Amino acid sequence: MMTVTTLLKEIADVGRDGVRGGYTRPVYSSAETELREWFRAAAHSRGLGVETDRNGVIWAWWGEPQDGALVTGSHLDSVPGGGAFDGPLGVASALSAIDHLRQRGVQPSRSIAAVVFPEEEGSRFGVACLGSRLMTGAIDPDRARALTDAEGRTFADVAAANGLDPAHIGHDPSGLARIGQFIELHVEQGRGLGQCGPSVAVGDSVLGHGRWRFLLSGQGNHAGTTLMEDRRDPMIVAAKIILAVQRLATSTPQARATVGRILPVPGGTNVIASRVELWLDVRHPDDLVTADLVQRINDAAAAAAAEEGCDCVLIEESLSPTVHLDPALRARMALALPDGRVLDTGAGHDAAILAAVVPSGMLFTRNAEGISHSPEEHVEDADAEAGAAVLADVLEALL
Ligand code: HGY
Ligand code: MN
Ligand code: MN
């Protein structure tokens with residue numbers, strides 16, 4: 001019986017980021033590939049049958065692959081400089097929950113599968129939950145194949161280099177038919193569970209969120225020979241956009257809007273940038289408010305660009321509506337919890353993408369400080385173990 005903390009210790013040094021701190025494990029990088037191998041080995045050591053489907057989702061089967069199975073898992077890829085738990089906690093807990101069920105002598109009435117979805121963070125190819133979107137048909141395969149990473153490599157090329165046939169990625173009805181219910185355990189990315197009390201809560205709604213990219217272009221030039229009045233500097237436009245994002249989102253109740261990534265080109269200290277890319281993350285419970293807020297941000301961006309003599313283009317990269325997870329499944333899951341706490345989440349998850357086509361549920365394990373997408377993300381060992389035991393309770397109840 002492997003505990004969650006033992007499993008996570010096995011990968012504690014994989015993908016450490018010496019510059020940012022934390023972990024940088026983009027999909028199909030050497031680090032995330034090493035994590036995939038870790039998962040396959042852990043599954044094999046449990047006698048689980050392992051297969052990778054045409055979208056790169058790894059399935060570890062307890063029992064024969066079959067339709068209507070009970071499926072649980074999460075992702076292994078991370079954001080740049082991410083924490084140790086966002087994704088891997090759900091994967092390790094799935095393996096540990098199977099250990100728990102076996103130790104209890106449970107004879108499953110149907111097959112159980114532990115799964116790993118690729119590119120949940122969208123950190124390499126820009127689209128969040130790319131693997132589950134492909135499986136559910138939520139993204140056009142041609143668009144997915146053409147997505148590029150920061151080095152200009154296409155998803156088609158990278159997928160092919162990792163054993164997939166790019167011609168066959170996309171909607172997978174037979175894969176979806178195998179999911180009777182999907183349960184994702186995830187580190188809580190907020191402080192809903194507080195510092196004490198139950199370690200685990202059931203998920204209810206998953207906040208809608210979108211990602212956009214601003215392309216700002218001006219006149220690259222010399223920092224010393226170009227007078228201020230002669231400039232068309234896209235960095236000035238970027239600065240005004242970032243302040244407009246803060247102002248407009250702050251005045252929109254419940255909205256969250258973030259610029260966490262900006263890329264000036266060429267990026268020289270003594271060079272006025274010729275262009276700047278700037279990424280925007282906007283979230284709100286009401287998808288119409290999200291759309292309106294993005295429109296107002298774009299209006300402010302266009303005005304700032306015009307004032308500076310620059311061009312400004314906004315490109316939508318990824319959009320997910322607010323999702324309420326399956327109420328009947330949520331109610332059954334809550335019955336298996338000591339006190340049936342229910343939490344909403346502001347973070348996106350594969351479970352929310354799958355929820356459009358299969359009954360999906362989530363469990364959140366306490367993260368006392370609530371910090372995530374940061375090296376400071378932390379789960380106490382006792383909470384991690386409690387989460388896996390509760391996941392086993394939920395799986396047993398659903399069996
Ligand atoms: O961005 C998110 O909310 C998730 O962590 N992918
Ligand atoms: Mn995340
Ligand atoms: Mn996650």
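All values reported here derive from a predicted model rather than from experimental measurement. (Residues numbered from 1 in each chain as written. Chains lettered and ligands numbered in written order. Predicted model: local features only at pLDDT ≥ 70, side-chain atom pairs only at ≥ 80, totals over all residues. Heavy atoms only, no water.)

K.L.:
Which residues make up the domain arrangement of the chain, and what are the values?
P.N.:
Once the domains are mapped, the chain shows domain 1 (4-207 + 322-398) and domain 2 (209-320). Spacing between the C-alpha centres of domain 1 and domain 2 amounts to 32 Å. In this complex, domain 1 contributes 13 residues to the contact, which on the side of domain 2 involves 12 residues. Around 1,000 Å² of area is buried between domain 1 and domain 2 when both sides are counted, 36% of it from carbon and sulfur atoms. Seen at the junction of domain 1 and domain 2, the total is 0 salt bridges. (Domains from an automatic or database assignment. Contact = heavy atoms within 4.5 Å. Buried area = accessible area lost by both parts, 1.4 Å probe. Salt bridge = Lys/Arg side-chain N within 4 Å of Asp/Glu carboxyl O.)

K.L.:
Any chance you could break down the coordination of the manganese ion (ligand 2) for me, citing the residues and the numbers?
P.N.:
Within the protein, the manganese ion (ligand 2) binds to Asp86 (OD), Glu121 (OE), Glu121 (OE) and His373 (NE2); these donor distances fall in the range 2.0 to 2.8 Å. Overall, aspartate 86 belongs to the buried group, its relative accessible area being 5%. Under the relative-accessibility criterion, histidine 373 is labelled partly exposed at 40%. (Donors = N, O, S within 2.8 Å, 3.2 Å for Na, K, Ca; no water. Buried < 20%, exposed > 50% of the residue type's maximum accessible area, 1.4 Å probe, protein only.)

K.L.:
Before we move on, can you summarise the coordination of the manganese ion (ligand 3) with the specific residues and values?
P.N.:
Ideal geometry at a metal centre: 109.5 degrees between donors when four sit tetrahedrally, and 90 or 180 degrees when six sit octahedrally. Every protein donor of the manganese ion (ligand 3) is listed here as His75 (NE2), Asp86 (OD) and His186 (NE2), and their distances to the metal cover 2.1 to 2.2 Å. Mapped onto the polypeptide sequence, the residues donating to the manganese ion (ligand 3) form the spacing pattern H-x10-D-x99-H. The distance between the manganese ion (ligand 3) and the manganese ion (ligand 2) comes to 3.5 Å, with aspartate 86 serving as a donor to both metals. You can see histidine 75 sitting in strand β3 (residues 69-75) and its partner aspartate 86 sitting in the loop between β3 and α3 (88-103), a full 11 residues away along the chain. You'll find histidine 75 and aspartate 86 in the same group, each marked buried. (Helix = DSSP H or I, 4+ residues; strand = E, 2+ residues; numbered from the N terminus.)

K.L.:
Tell me about the site of ligand 1, and name the residues and values.
P.N.:
In the vicinity of ligand 1, the contacting residues are Glu120, Glu121, Arg211, Arg283, Ala347, Gly348 and His373. With respect to ligand 1, the side chain of arginine 283 contributes an N or O atom lying 2.7 Å from an oxygen atom. Between glycine 348 and ligand 1, the recorded distance is 2.7 Å, taken from a backbone N or O atom to an oxygen atom. When the free accessible area of ligand 1 is taken as 220 Å², the share hidden by the protein chains comes to 96%. (Near = heavy atom within 4 Å. Polar contact = N/O pair within 3.5 Å; in protein donor to acceptor, adjacent residues only side chain to side chain. Areas by Shrake-Rupley, 256 points an atom, 1.4 Å probe, with all protein chains shown as cover.)

K.L.:
Could you give an account of unusual backbone geometry, with specific residues and numbers?
P.N.:
The amide bond that connects valine 265 to the next residue, proline 266, takes the cis arrangement and shows omega of 5°. Along the chain, proline 266 falls in the loop between β9 (256-265) and β10 (271-272). Even without a glycine there, the phi angle at tyrosine 28 is positive, about 65°. Mapped onto the fold, tyrosine 28 is located in the loop between α1 (4-10) and α2 (30-45). With relative accessibility at 8%, the residue tyrosine 28 sits in the buried group. Here the phi dihedral of glutamine 254 falls at roughly 70°; this positive angle occurs in a residue that is not glycine. In this fold, glutamine 254 is placed in the loop between α8 (234-250) and β9.

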